[in-house]
Amino acid sequence: MVDDSTRKTLSSIPLLQIRAGPREKDVWVQRLKEEYQALIKACSYVENNKQSGSDWFRLESNKEGTKWFGKCWYMHNLLKYEFDIEFDIPVTYPTTAPEIALPELDGKTAKMYRGGKICLTDHFKPLWARNVPKFGIAHAMALGLAPWLAVEVPDLIEKGIITYKDKC
Amino acid sequence: MSTAIDELQAIIAELKTELEEQKTATRNARDKIEHMSAEVVDSNPYSRLMALQRMNIVKDYERIRDKSVAIVGVGGVGSVTADMLTRCGIGKLILFDYDKVELANMNRLFFTPDQAGLSKVAAAARTLSFINPDVRIETHNYNITTVENFDNFLATISTSGIEQGQPVDLVLSCVDNFEARMAINAACNEHNLNWFESGVSENAVSGHIQFIRPGDTACFACAPPLVVAENIDERTLKREGVCAASLPTTMGITAGLLVQNALKYLLNFGEVSDYLGYNALNDFFPKMTLKPNTQCDDRHCLQRQKDFQARPKPVVVVEEEVSNEPLHASNDWGIELVAEDAPLPAVDATSKSADVATGLRLAYEAPDKLDTTSSAAETVVGDGAPEASLEDLMAQMKSM
């Protein structure tokens, strides 16, 4: 199930310890700090190791940490494609993974649920379920969104559904 | 000028007749009925239901009017469920869904193409109150899994009973995703409400219902979800390019199983299934009961388990028909009964998957609870790092 590249990505992101969802106000702040620490590590790891890939996402949240938004980039044939990201932290988090959405791709690919939520059922959700509460948003980005982009974006470009000019 | 006026008048007349036609169409809906009658006449919408009493299936069918049911998810299964309960004359329905009707939904039952674009709850409420104006329908058009809506969802299911302030009698989950099921599970554990989970597989060839009584049967977080084994070779299963398939048949059958068991529970007849699966490929219906997990991650589930243990168990009274006559007047052949004391076959309890009934499997193997220590290779957040405030971290992330 877990292959070498997944294991490598995994080792670069620190694991989280606190099991708390957004309804548990006090403990949630602690979890949120862990989330930010892991995200900062994940982003700076990429900055320090340019050969392992390009810097590919930025995220920020509202002050409660329940709504997240940002951007992600995907390199294809030396061109950079950019997409907006948004998602809510569900009340059942971290038992259930966040449902990452790329609203501008809504309706453009079948591997998406309403509102542009990417389909994570097969490749990511069982992995998440076995790693509660150690996985956080940084893991969802690296092990959920990144493989999805790697499969979907080249396909969408090839089909002419998204073009580079769109993002200039 | 005058021709223009004539034209406009003609158009107005045409629109008037059209409006009149529309009005008569809706006027054909019947008025509300005070009491369910058992009278057998063509004009009585409840005669066939009330006949269940005369056939000794249900005692006092009219109790259904005192029942309030919440349906979460008004899609392929939920809409048909709502339709069935409405036709059965349920007292009150509370519908939750945040989606809109789309033409892509037309391979399923209930919704019609003219409703495309309307919210599912609004479109459903209109059709349902036309079918049976006696049913009180309440709609909620939001996503229950988000922080801002969940509290409203909790408050609604715990106060929207037939009498305001009382909880609903039953919650039916007809959603299509794990997050929403877990949200319903959390809510029902918290408020100690019985609920049915239902689902249809993404390849549309299996379905299931599961009755969850907090503390008594396994909650949805107690174990990985049970799925109906379809015996399809994983290598031949094509998933590329699609997320989910659906069939009106599988959805209708699942809704039928769900409502049948809901009725049995609400009106107290027959035997309610704790878990019932449906494999459409070979028409197999696996059935089983799931015990709650004493190490469930949901703390409310653990509390409900304690409550359940403390509650005295209802004593099942078996009515024996006592007959004074000898069972058989004569026994010419000397037939007698012999006690069967053969030992029961031992069950292999070592494997987790062995605990589920034939034809079922767990969606994934649960992580080992005892293995909570991280291995040395794993890095954990906050290792040796100085304690930073959340605001600092947010600012640091933003400046990257």
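Residues numbered from 1 in each chain as written. Chains lettered and ligands numbered in written order. Predicted model: local features only at pLDDT ≥ 70, side-chain atom pairs only at ≥ 80, totals over all residues.

1. Points about the overall build of chain B
What counts here: Helix and strand definitions here come from DSSP, where helices need a minimum of 4 consecutive H or I residues and strands a minimum of 2 consecutive E residues; each element is numbered from the N-terminal end. Here a residue counts as buried when 20 or more other C-beta atoms fall within 10 Å of its C-beta, as exposed when 12 or fewer do, and as partly exposed in between; the C-beta atoms come from the backbone. A residue pair is marked as a contact if its C-beta atoms, positioned from the backbone, fall within 7 Å.
A count of helices and strands for chain B gives nine helices and ten strands. Counting only residues that meet the buried cut, chain B has 31% of its 400 residues in that class. Counting only contacts in chain B whose residues sit at least 6 apart along the sequence, the fraction spanning at least 24 positions is 68%.

2. Remarks on the overall build of chain A
Looking only at helices and strands, one finds four helices and five strands in chain A. Starting at the N terminus, the α and β elements of chain A follow one another as α-α-β-β-β-β-β-α-α. Taken across its 168 residues, chain A has 42% of its residues classed as buried.

3. Looking at unusual backbone geometry
Residues and elements named next belong to chain A. Backbone torsion omega between Tyr93 and Pro94 reads 5 degrees, so that peptide bond is classified as cis. Here Pro94 shows up in the loop between β3 (79-88) and β4 (112-113). At the junction of Val132 and Pro133, the peptide bond is cis and its omega measures out at 0 degrees in the coordinates.

4. Overview of the sheet that holds strand β2 (residues 92-96) of chain B
Sheet strands pair via backbone hydrogen bonds, and the direction of the pair is either parallel or antiparallel. All names here are of chain B. Selection criterion: Strand pairing follows a simple DSSP-based rule, namely that at least 2 bridges must link the two strands.
An order of β3-β2-β1-β4-β5-β6-β8-β9 is seen for the eight strands of this open sheet, with the pairing classed as mixed. Edge positions in the open sheet fall to β3 (136-140) and β9 (287-288), since each of these has one partner strand only. Bridge count for β2 against β3 is five bridges, and the pairing is parallel. Within β3, the position partnered with Phe96 by the bridge is His140.

5. Describing the packing of helix α5 (residues 147-159) of chain B against helix α6 (residues 178-191) of chain B
All names here are of chain B. The following threshold applies: Each axis is a line fitted through C-alpha atoms, and for a helix only the stretch in contact is used; angles between axes span 0 to 180 degrees, taken between their N-to-C directions. Small angles under 35 degrees read as roughly parallel and large ones over 145 as roughly antiparallel, with 65 to 115 read as roughly perpendicular and the rest as oblique. The handedness criterion is simple: a crossing whose near helix is rotated anticlockwise from the far helix by less than a right angle is left-handed, and one whose near helix is rotated clockwise is right-handed.
As a packed pair, α5 and α6 sit with axes 10 Å apart at the nearest point and diverge in direction by 50 degrees. Viewed along their axes, α5 and α6 adopt a mutual orientation that is oblique. Crossing hand, α5 versus α6: right-handed. Where α5 abuts α6, its residues Phe150, Phe153, Leu154, Ile157 and Ser158 lie against Ala183, Ala187, Glu190 and His191.

6. Concerning the interface of chain A and chain B
Rules: Amino acids outside the nonpolar list (Ala, Val, Leu, Ile, Met, Phe, Trp, Tyr, Cys, Pro) and the charged list (Asp, Glu, Lys, Arg) are all regarded as polar, and Gly is one of them.
Residue-level contacts link 37 residues of chain A with 35 residues of chain B. Residue assignment for the side of chain A that touches chain B shows that the elements contributing at least two residues are α2 (25-48), β1 (57-61) and α3 (125-130) of chain A. Looking at the side of chain A that touches chain B, the element that brings in the most residues is α2(A), giving ten residues. For the side of chain A that touches chain B, a count of residues per class yields 18 nonpolar, seven polar and twelve charged.

7. Some remarks on the UniProt feature "active site" (unreviewed entry) in chain A
As a reminder, the rule being used: UniProt positions are given in the numbering used here, feature names are shortened, and annotations may be inferred rather than shown by experiment.
UniProt's entry tags Cys119(A) with the feature "active site" (unreviewed entry), counted in the numbering of this structure. Along the chain, Cys119(A) falls in the loop between β5 (117-118) and α3.

8. Details of the environment of Pro94(A)
Residues and elements named next belong to chain A. The class for Pro94 is buried, based on 25 C-beta atoms found within 10 Å. Linking Pro94 and Pro133, residues 39 residues apart in sequence, is a C-alpha distance of 5.9 Å. Residues within four places of Pro94 in sequence aside, it is in contact with Arg19, Gly21, Val132, Pro133 and Gly136.

9. A closer look at the environment of Trp28(A)
Residues and elements named next belong to chain A. You can see Trp28 is positioned in helix α2. Judged by local crowding, Trp28 falls into the buried class, with 21 C-beta atoms found within 10 Å. Excluding its chain neighbours within four sequence positions, the residues that come into contact with Trp28 are Ala20, Gly21 and Pro22.

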